[in-house]
Amino acid sequence: MSQKKAAKPAAKKPAPALKTAKTKVAASSTKSHMTENRVFKPSAEFSKNARISSMAQYKRMYEESIKQPDKFFGREAKELQWTKPFSKVLDWKCPNAKWFTGGKLNVSENCLDRHLNGPRKTKAALIWEGEPGEKRVLTYQQLHREVCRFANVLKRHKVKKGDRVVIYLPMIPEAAIAMLACARIGAIHNVVFGGFSAESIKDRVVDSGATLVITADGGYRRGSVVPLKKNVDDALKGNDTTVKTVIVYRRTCQDVHIEEGRDVWWHRELEYVDAHCPAVAMDSEAALFILYTSGSTGKPKGILHTTGGYLLHAQMTCKYVFDMNDQDVYWCTADVGWVTGHSYMVYGPLALGATSLMYEGAPNWPENDRFWRIIEEYAVTIFYTAPTAIRAFMKWGDEWLKKHDLSSLRLLGTVGEPINPEAWMWYHNKVGGGKCPIVDTWWQTETGGHMITPIPGATPTKPGTATLPFFGVDTAIVDDLGKEVGTDEQGKLVIRKPWPSMLRGIWGDKKRYQDTYWSEFKGWYFAGDGARRDKDGNIWIIGRIDDVLNVAGHRLGTAEVESALVSHPSVAEAAVVGRPDEMKGQGIVCFVTVKEGIQTSRDLSDELKKHVRKVIGPVATPDEVRFAAALPKTRSGKIMRRLLKQIAAGEIIKGDTTTLEDINVIAQLVSSGED
Ligand code: WT7
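Heads up: these notes are all about the structure in this document. (Residues numbered from 1 in each chain as written. Predicted model: local features only at pLDDT ≥ 70, side-chain atom pairs only at ≥ 80, totals over all residues. Heavy atoms only, no water.)

**Focus on the state of the cysteines**
Piece 1. Using the criterion set out here, one finds 0 disulfides in the structure.
Piece 2. Its sulfur unpaired, Cys318 is 9.2 Å from the next cysteine sulfur, which belongs to Cys332. (Disulfide = S-S within 2.5 Å.)

**As for helix α13 (residues 370–378)**
Think of an α-helix as 3.6 residues a turn; residues three or four steps apart then line up on the same face.
Piece 1. The complete set of buried residues in α13 reads Arg370, Phe371, Trp372, Ile374, Ile375 and Tyr378.
Piece 2. Where α13 terminates, the next one or two residues include Ala379, which has phi positive at roughly 50°. (Buried < 20%, exposed > 50% of the residue type's maximum accessible area, 1.4 Å probe, protein only. Helix = DSSP H or I, 4+ residues; strand = E, 2+ residues; numbered from the N terminus.)

**Section: the site of the ligand**
Piece 1. In the vicinity of the ligand lie 17 residues, with Asp440, Thr441, Thr445, Asp529 and Arg555 positioned nearest.
Piece 2. The contact in question runs from a nitrogen atom of the ligand to an N or O atom on the backbone of Gly416, over 3.1 Å.
Piece 3. A distance of 2.5 Å separates an oxygen atom of the ligand from a polar side-chain atom of Asp529.
Piece 4. Contact with the protein chains removes 96% of the 560 Å² of surface that the ligand exposes when unbound.
Piece 5. Elements with a minimum of two residues in the shell around the ligand: α12 (339–351), β20 (438–441) and β25 (539–544).
Piece 6. Looking at the shell around the ligand residue by residue, the class counts come to 6 nonpolar, 6 polar and 5 charged. (Near = heavy atom within 4 Å. Polar contact = N/O pair within 3.5 Å; in protein donor to acceptor, adjacent residues only side chain to side chain. Areas by Shrake-Rupley, 256 points an atom, 1.4 Å probe, with all protein chains shown as cover. Nonpolar A, V, L, I, M, F, W, Y, C, P; charged D, E, K, R; others polar.)

**Some thoughts on helix α7 (residues 173–185)**
Piece 1. In this model α7 runs 19 Å from its N-terminal to its C-terminal C-alpha over 13 residues, within 8% of the 18 Å that 1.5 Å per residue would give.
Piece 2. Judged by how many residues are buried, α7 sits mostly within the fold: 13 of 13 residues are covered.
Piece 3. In the segment just after α7, Gly186 is the residue with positive phi, at about 85°. (Expected span 1.5 Å × (residues − 1).)

**Observations regarding the environment of Tyr427**
Piece 1. Here Tyr427 is to be found in helix α16 (residues 421–431).
Piece 2. Expressed as a C-alpha distance, the spacing of Tyr427 and Ile390, which sit 37 residues apart in the sequence, is 6.9 Å.
Piece 3. Here Tyr427 is in contact with Phe383, Thr385, Ile390, Leu412, Gly413, Thr414, Gly432 and Ile438, once residues within four sequence places are set aside.
Piece 4. Here Phe383 takes part through its backbone oxygen, which lies 3.5 Å from a polar atom of the side chain of Tyr427.
Piece 5. A polar atom in the side chain of Tyr427 sits 2.9 Å from the backbone oxygen of Gly413. (Contact = heavy atoms within 4.5 Å.)

**Quick word on empty space enclosed by the protein**
Piece 1. Counted by the stated rule, this structure contains 2 cavities of 30 Å³ or more.
Piece 2. Empty space within the largest cavity amounts to approximately 40 Å³.
Piece 3. If you trace the largest cavity, you find it lined by Val107, Ala183, Gly186, Ala187, Met282, Ala287, Leu288 and Thr307.
Piece 4. Tallied by class, residues from the lining of the largest cavity come to 6 nonpolar, 2 polar and no charged.
Piece 5. One number sums up the size of the second largest cavity: a volume of about 30 Å³.
Piece 6. Lining of the second largest cavity is provided by Leu236, Asn239, Thr241, Val243 and Arg262.
Piece 7. Of the residues that constitute the lining of the second largest cavity, the class distribution is 2 nonpolar, 2 polar and 1 charged. (1 Å grid on protein atoms, 1.4 Å probe; cavity = no way out; pocket = protein on both sides within 12 Å on 5 of 7 lines; lining within 4 Å. Points joined across faces, edges and corners; volume = space filled by probe spheres on them.)

**Some words on the packing of α7 against α12**
Piece 1. Interhelical geometry of α7 versus α12 gives an angle of 60° and a closest axis separation of 11 Å. Taken together, the axes of α7 and α12 lie oblique to each other. Of the two possible hands of crossing, α7 and α12 adopt the one that is right-handed. Every residue of α12 that contacts α7 at Ala176, Met179, Leu180 and Ala183 is listed here: His342, Val346, Tyr347 and Leu350.
Piece 2. Grouping the amino acids of the contact of α7 with α12 by side-chain chemistry returns 7 nonpolar, 1 polar and no charged. (Axes fitted to C-alpha atoms, helices over the stretch in contact; angles between N-to-C directions. Parallel < 35°, antiparallel > 145°, perpendicular 65-115°, else oblique. Left-handed = near helix turned anticlockwise from the far one by under 90°.)

**Here we look at the pattern of salt bridges**
Side chains bearing opposite charge may pair, as long as their charged atoms lie close to each other.
Piece 1. If you walk through the whole model with that rule in mind, you get 53 salt bridges.
Piece 2. Note that Asp326 is salt-bridged to Arg120, the shortest N-O span being 2.9 Å. Of this pair, Asp326 sits in the loop between α11 (308–320) and β16 (329–332) while Arg120 sits in the loop between α5 (107–111) and β4 (124–129), and the two are 206 residues apart along the sequence.
Piece 3. Classification of Asp326 as partly exposed rests on a relative accessible area of 37%.
Piece 4. The exposure class assigned to Arg120 is partly exposed, which follows from its relative accessible area of 26%.
Piece 5. For Lys633, the salt bridge is made with Glu573, and the minimal N-O distance between the two is 2.9 Å. Taken together, the residues Lys633 in the loop between β30 (624–627) and α20 (641–648) and Glu573 in strand β28 (residues 571–581) connect sequence positions 60 residues apart.
Piece 6. The class for Glu573 is buried, based on a relative accessible area of 1%. (Salt bridge = Lys/Arg side-chain N within 4 Å of Asp/Glu carboxyl O.)

Have a look at this one:
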């Protein structure tokens, strides 16, 4: 989508289509996906001790979950602690699902209080390591106490059930404490990733109508301090938001501005409260959190998750997919600002009473072996990370691994983007020592938890496929008319039945919820991904087929980056596309036309990169800015993205970033085929 009208008219004369090579990296990875046939079965030893130990058992359970969801989920949900039992498992009127209606429960009670009556009371709930090297362990009892105290701080500041609280914290235990404290009193948290800018915070504060923000003075990243409080100050400048209070945790101890009457210190507030805070019984369908994520158009949308179904799915996937138990030390490397941090660092593992490890900083600080050092030191048994990180470790070299004893590991997981077979093999052999099953888990912010994934003690895997649907997930791969495509044919991935942790809406925008997810195919959820199924039934995710980028596992809308670019005074029009990137999966390439009288230069290109970084945050920093005389359009005025993608991938013309490209020339050549 372009943000402004182009000055130049679209090409008039149709001409023969330009011959182009196939997209390089994408094609080669798809090709290796298509020919990948190595099969890895779980070892007999792993299967023997796993909760699900055979394909026959998986199939039996899957069949029941699809054919008798009431029975299956009704039974699984009994493993949660309900204050009031539910009367009905599912009430479904597309697109509105209600799970476990009539039931009441509290998420923080399920994650904390219920573990205090037995040996888990003194077990580590959270193990934390700061980037500079500090260590903290919080037992279930200690975590419970901190959550109760902080919940009382929130109450002191008039936070009530249903109020929205923005959390903008580094990866410190206080992030989990703040989330659980909100859940305890029925406030809805909205965690904003620490890599987002002041403007992004403001958008989220305004859209969610938050009354309170929780932040820290700063956080550590690769040896330097991220100025979190300063970003919050900038976001709240002008005082035109609903925010009344900002609670500041002291982490990095640098000087920060304290706004009288608005800002208070976390540690001081604790002096006014006690540790007694009963959990509020919430309706199963009460909102638990909002988390913003990018779509193909407009600003990020607030994905809404609710209480009972979400918690059940988070707990159940930790149980079956990670096969987590009391002896495990589990480490998910995701930031708490993404859904993975919500479901698989905080809620799922704690609901199950497991030990969850949290690390604040970068994987290559102070050296490239930081992750391996942590695995060795804490004897991590289950490790969950992203393909982009695995590719970085591969590049840094095996010698970093060899320094450490990784033999405690028994299960590995990946998430965020398709994993290329080379990275899968390296992960399997070098990190897992050839003995650990790998669960490649496909899911989304919207799905709340794993959707397509191997079951580690049962599913034979191949490098690069997320394999089979999880319980209750009814997947299909269809063409544009909704007809299932054949084996090995590519189509759109849909989910034909509601599942417990599905999103319940987009905050404040019913219509967008319906339009985005439920309109492409009536009655089915459309995920935005392309996929194919092989002859063994394994699902291979190809990636997004909409205008959403996946950069190092981070989701970004091309429209968002375009809108950031045109907010710069020199820019007339912008179109943003992804280009295959060996390390990050995708890189961001921006095609820009400048306003009359503006000179293009390398300085301007650098300035635009900085500008996008400032508007959205470091995660959105463009890899390349290319100036063009005009953007290629179809006769009906649509930007020819396919063409721009090919140019960005270097298939059509290769130009210096600072030279002005007359894309119109190429546009004229190919425009006949695009309308
Ligand atoms: C998109 C969702 C789920 C938490 C992290 C990302 C891609 C996610 C996989 C995987 C291939 C994957 C999809 C999806 N994706 N996991 N295992 N294999 N692709 O959540 O930011 O909501 O992004 O990430 O394209 O649609 P998200």
